[in-house]
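Examining the three-dimensional arrangement
Residues per chain, in single letters:
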Amino acid sequence: MSVAAPRSPGGVSEAYRARNTGDPAAKRRTATLLGMTGTTRTAAAPGAGTAPGSAAAPGSATAPGSATDTHCPYCALQCGMRLDPARPGEVLERPEFPVNLGALCGKGRTAPALLARDVRLTGPLLRDAPGAPLRSASWPEALDRVAAAVASTRAEHGPDAVGVFGGGGLTNEKAYLLGKFARVVLGTANIDYNGRFCMSSAAAAHRRAFGLDRGLPFPLADIPHTGCLVLVGANPAETMPPAVRYLRELKENGGRLIVVDPRRTRTAELADLHLQTRPGGDLALALGLLHLVIADGLVDEEFVESRTTGFEAARACAMAHWPDRVERITGVPEHQLGRAARMFGEAPSAMVLTARGPEQHSKGTDTVGAWIDLCLATGNSGRPYAGYGCLTGQGNGQGGREHGQKADQLPGYRSIEDPAAREHVAAVWGVEADSLPGPGRSAYELLESLGQPGGVRALLLAGSNPAVSAPDAAHVSRRLRSLDLLVVADVVLSETARLADVVLPVTQWAEEDGTTTNLEGRVILRRRAFDPPEGVRSELWVLRELAARLGVPEGFPAEAEAVFEELRRASAGGDADYAGIDYARIAAEDGVFWPCPTPRHPGTPRLFLDRFATPDGRARFAAVTHRPAGEEPDEAYPLYLTTGRVLAQYQSGAQTRRVPELNAAAPGPYVELHPGLAARLGVTDGEALAVTSRRGRAVAPARISDAIRPDTVFMPFHWAGAGRANSLTNPALDPVSRMPEFKLCAVRVERAEPAPRHATPEEAAS
C-alpha cells in the first residue's frame, strides 16, 4: 500500500525539502508530522489510524469508555502512551511515564494504523505445493500442516533439522516461550533471533568487561547530568527522537556532546564536536583517544588500581596508536583528536554510548571494548553520571536475548553450557537437564544453513523479516526458498512471509498483554486495549497448540501473565533476575529495573556502583588493536557503503511502509553521496544510481549532500526490491559476537537508467 509523497514543484518530497533545503515551512510541516516539534500533543493527527478512504478501525475495545496505559511498539525507548477505545486510531499522551514524559515521534503517534484490518493478516494462509499461490486456510488445517511437517523432518533428519528464528520485537513472554518450545518440544539447538544483528557486539564486550550485559547500566535520566557524552555511531534524533531531550538538557546543564559518525546527521548537528571518521575507523579512534588520555596524564590512577585489571596490556595497545597514525586510519584530524581527548578526560564525569555504527562490524566486540577502556582509564564507570552504555535498537532487543531466544543462552541470561544453569531451568520446565540441547548456530549462520546438507530444513520464524533485513539478503532469500518448510508468524504479509509455506496471523502490541525490557533494563507492561480480528491469535496460543500436536500438552500457557510467572522462576538467580517483578508491581511503579531478586528489592537502576559483576568484582580492560574491516575499498570497488535508518521508517519497513503518513515523509530508498563524488559521476539530484558490491546491486535515486564524507555513500535499509540496501552488505562475522558487518562494505557507484519505481509487494519478495 505504497503512497506517493507530496511533491514540490521541483519534484522532491516535502521531507527531502525539509532535510536538505532551507525551506522553513517544509521544516515545520515535516517536524509536526514526525513529532519533532517538542510540544505536547493530546492525540495523534486526524486520520492516523486508518488508510485514506477506508473505514477500517481497530477491533472492539475490551474496556469500553476507559483508556489503557501501554507502550509504543517500536524502538527500545518503549515510550509510554495511552489508548482510548472511544477514540480509535488515536494515541493519547501519557506524560507521567518517565522515559518520554508524553512525547512521541511520528511512528509512535501513527502506530494504530497497523491495527486496521485492511493492512494486516486476518487469517492463516498456506501453500498447497511449491510454487503454488498462498490460499486461505483454517487454523486447524494450518497447525496440522505445520505439526506434521515438523514431525516428519525431525524423524527423517533429526531435531536440529528444525530451526526457530525469533525477533527483538517479541514480548518477554513470547521470547521465553519460543526458547522453551525450541528446546523442550523440538529438541533443537538451532534457535536464534534478529537481535543478534542489533547489539550482540556490545553485549559481548559488556560481559567481557563488566561480567554482565545490560544496554544502559544507568537510567536515561542520568545523561543530562554528565559532563561529557560521546555518541559513537548513534543518531537518536532520527532513530529515537524522544530521547533527544536528554541531549538538549545535557547541553543546557553545561555538558559537552561529541558525536562520532561518517555523516553529519541531525544528531551530529547538535554536537559541540563532530568527529567524521571513515567507516570502520571507530576502533582506531577509541585507541587514539586512549593514547592521548594516557599521554596527557588524564588517567584516574586510583580507580584503575582499585577497581580494574588488565590496564598495562591495554595501555601497550593504545600507545601504538599515536595521533598521526589514527588520523591516517580514520580521517579525523589530529587537532580534533586532541580536543576530544581533553573534553572527555577533563570532564568531572563522562559517558560513552554506542549504537550500531561501531557494533555492526566484524571487529565490533573489540571496538566496543576499546571505548569501554576509555571509560575505565578515566574512572568513568561504576559511579553516578558516568559509564559506558549501548543504545539498544529494537523494542525488546534487551529482554529478547535475556530469556532464551539466543542460541547460547537460557532464561535469566544464563549460559546454556553452564551445568548449574541447565539444572535450574530444566527443573522449572520439568525435564531432565541432559535433554536440553547445547548451543546452536548464530543468526546468520542459521540462515546460511537453510536447505543445506546437515542444516535446517524446516524453519519456524516469528517477528522478523530477514528477506529484507539480513546481510547479503538476496542470498538469504534463496536459502529461505530452499527449505522444505517455512512457517512465518507475523502481523503483516512481509517479504519473508510471501516466501512461506504457512503464514500465521498474530496479535500485536495493542491487542495483547505482555512485558518488554527497554534499553535501560526497565521491565515495562503493555496492556491489551482492543480485541484482535476474529482470525488472529497470539504466538503464545500458537505455541501451545503446536506443542500439543507434537506430544507436549502441558507447560505452554496461552495467557501472558501465566508465562511471566514461570519466567520469574526460570530467571531467579540469573544475571537478569526478574524474580521480584510481577505485573501489579510494574503497573504501580511504571516499570522495574532488573536485577530484582525479591518482591521487596527496589530494583537496580544503576549497576556496578559497589563492584562489577566479575568474579573478583573488578572491571577488565580489553587489550585490542586496530585491524581492517572484513572488506576494504579497492580499485574495483573504491567507495565505502554504510547503511542506517531514517526518521519515518523502522527496521525492515514491513510495518511502517504500510502507514501513509510515514510513507509520505520517506517514500523510498536513496543513495546519499557527496557533491564532489556526484560531480565526478556526472549525477544530479534524483537521478538513478546503481550501487554494486561483490554480493549484489541496488538502484535508487541520488541524494546529494555535503553531510557525508566524499569517500562514502549511505543507503537506508528499510526497503525491498531494487533499492534493497542489504543486497549489498557483507555477512563477515565478528569472531566473538557473530555480528555481521552491516555498516561497511566496498562498492562502486555509477549512473543507472531508467530511475527505479517503488517496488510492489510482489516484486519486493523477489
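Read on for an overview of the structure. (Residues numbered from 1 in each chain as written. Predicted model: local features only at pLDDT ≥ 70, side-chain atom pairs only at ≥ 80, totals over all residues. Heavy atoms only, no water.)

Along the backbone of the protein chain there are 26 helices and 30 strands. Within the protein chain, the proportion of its 766 residues that are buried is 65%. Pairs at least 24 apart in sequence give 74% of the contacts found in the protein chain among residues at least 6 apart. Of the accessible surface of the protein chain, which amounts to about 25000 Å², a share of 51% is contributed by carbon and sulfur atoms. (Helix = DSSP H or I, 4+ residues; strand = E, 2+ residues; numbered from the N terminus. Buried < 20%, exposed > 50% of the residue type's maximum accessible area, 1.4 Å probe, protein only. Contact = heavy atoms within 4.5 Å. Areas by Shrake-Rupley, 256 points an atom, 1.4 Å probe, with all protein chains shown as cover.)

One way to put it is that helix α5 (residues 172–186) packs onto helix α21 (residues 539–549) with a least axis distance of 10 Å and a crossing angle of 15 degrees. With respect to α21, the element α5 is oriented roughly parallel. As α5 runs across α21, the sense of the crossing is left-handed. Contacts from Glu 173, Lys 174, Leu 177, Leu 178, Phe 181 and Val 185 of α5 reach α21 at Glu 539, Leu 540, Leu 543, Leu 546 and Ala 547. Tallied by class, residues from the contact of α5 with α21 come to eight nonpolar, no polar and three charged. (Axes fitted to C-alpha atoms, helices over the stretch in contact; angles between N-to-C directions. Parallel < 35°, antiparallel > 145°, perpendicular 65-115°, else oblique. Left-handed = near helix turned anticlockwise from the far one by under 90°. Nonpolar A, V, L, I, M, F, W, Y, C, P; charged D, E, K, R; others polar.)

The residue Arg 724 is located in the loop between β27 (712–716) and β28 (730–733) in this model. The charged side chain of Arg 724 is buried without a salt bridge, its nearest counter-charge being Asp 472 at 7.5 Å. Within the structure, the side chain of Arg 724 is placed 2.8 Å from the side chain of Ser 727, a separation counted as a polar contact. (Lys, Arg positive; Asp, Glu negative; His and termini not counted. Salt bridge = Lys/Arg side-chain N within 4 Å of Asp/Glu carboxyl O. Polar contact = N/O pair within 3.5 Å; in protein donor to acceptor, adjacent residues only side chain to side chain.)

With that out of the way, let us pick up the sheet that holds strand β9 (residues 256–260). One open sheet accounts for five strands, arranged β10-β9-β8-β12-β13; its pairing is parallel. Single-partner strands in this sheet number two, and they are β10 (273–275) and β13 (387–390). Mean inter-strand twist for the sheet, computed between neighbouring axes without regard to direction, equals 15 degrees. With three bridges joining them, β9 and β10 adopt parallel strand pairing. Within the sheet, the bridge partner assigned to Val 260 lies in β10 and is Leu 275. Contacts from helix α15 (residues 364–377) reach β8 (228–232), β9, β12 (350–354) and β13, with the element oriented near 150 degrees to β13. (Pairing = 2+ DSSP bridges.)

The subject of this paragraph is the pattern of salt bridges. Within this structure, the stated rule accounts for 45 salt bridges. A salt bridge links Arg 266 to Glu 238, with the nearest nitrogen and oxygen atoms 3.1 Å apart. A residue pair is termed long-range when its members are at least 10 positions apart, and Arg 266 in the loop between β9 and β10 and Glu 238 in helix α7 (residues 236–239) qualify at 28 residues. Judged by relative accessible area, Arg 266 falls into the partly exposed class, the value being 22%. For the salt bridge of Arg 245 with Glu 249, the shortest nitrogen-to-oxygen distance reads 3.2 Å. Pair noted here: Arg 245 and Glu 249 are both in helix α8 (residues 244–252), with a separation of four residues, about one helical turn. Given a relative accessible area of 22%, Arg 245 falls into the partly exposed group.

What follows deals with the packing of aromatic side chains. A full pass over the atoms with the stated rule returns twelve aromatic pairs. With centroids separated by 6.2 Å and ring planes inclined at 85 degrees, the aromatic side chains of Phe 181 and Phe 556 adopt a geometry described as edge-to-face. Of the two residues, Phe 181 is situated in helix α5 and Phe 556 in the loop between α21 and α22 (560–571); the sequence distance between them amounts to 375 residues. Among the residues examined, Phe 181 registers a relative accessible area of 1% and is labelled buried. Here Phe 556 falls in the buried class, since its relative accessible area comes to 5%. Taken together, a centroid distance of 6.3 Å and an interplanar angle of 45 degrees make the contact between Phe 564 and Tyr 578 tilted. Pair noted here: Phe 564 is in helix α22 and Tyr 578 is in the loop between α22 and α23 (583–589), with a separation of 14 residues, a long-range link. (Phe/Tyr/Trp six-rings, centres within 6.5 Å; stacked < 30°, edge-to-face > 60°.)

Bringing the environment of Lys 406 into the picture now. Within the secondary structure, Lys 406 sits in the loop between α16 (397–402) and β14 (409–410). Through-space distance from the C-alpha of Lys 406 to that of Ala 175 is 9.3 Å; in sequence the pair is 231 residues apart. Once you skip the residues sitting within four places of it in the chain, Lys 406 turns out to touch Arg 183, Ile 191, Asp 192, Tyr 193, Arg 196 and Arg 401.

Turning to the sheet that holds strand β20 (residues 522–526), a few remarks are in order. Taken together, three strands build an open sheet; the order of strands is β19-β20-β21 and the sheet is antiparallel. Only two strands of the sheet have a single neighbouring strand rather than two, namely β19 (514–517) and β21 (592–593). The strands touched by α5 are β19 and β20; relative to β19, the strand with the most contacts, the crossing angle is about 95 degrees.

For the rest of this paragraph, the subject is the environment of Ser 306. When you line up the elements, Ser 306 lands in helix α10 (residues 301–307). Taking the C-alpha atoms as reference, Ser 306 lies 8.0 Å from Arg 618; in sequence the two are 312 residues apart. A distance of 2.9 Å separates the side chain of Ser 306 from the backbone oxygen of Glu 302, its partner in a polar contact.

The next subject is the environment of Pro 242. Among the secondary structure elements, Pro 242 is positioned in the loop between α7 and α8. Pro 242 sits 165 residues away from Leu 77 along the chain, and the two C-alpha atoms are 8.2 Å apart.

In β19, alternate side chains face the same way, and those of Gly 514 and Thr 516 on one face and Thr 515 and Thr 517 on the other are all buried. Looking at chain direction, β19 and β20 are connected through four bridges and run antiparallel. Within the sheet, the bridge partner assigned to Thr 517 lies in β20 and is Val 523. Hairpin connection, β19 to β20: the antiparallel pair is bridged by four residues, and Gly 521 has positive phi, about 85 degrees.

What α21 keeps buried is the set Glu 539, Leu 540, Val 542, Leu 543, Glu 545, Leu 546 and Ala 547. On its buried side, α21 packs onto α4 (139–157), α5, β18 (502–505) and α22. For α21, the capping residue at the N-terminal end is Ser 538, with a side-chain oxygen 3.0 Å from the backbone nitrogen of Leu 540. Of the residues trailing α21, Gly 551 is marked for its positive phi of about 95 degrees.

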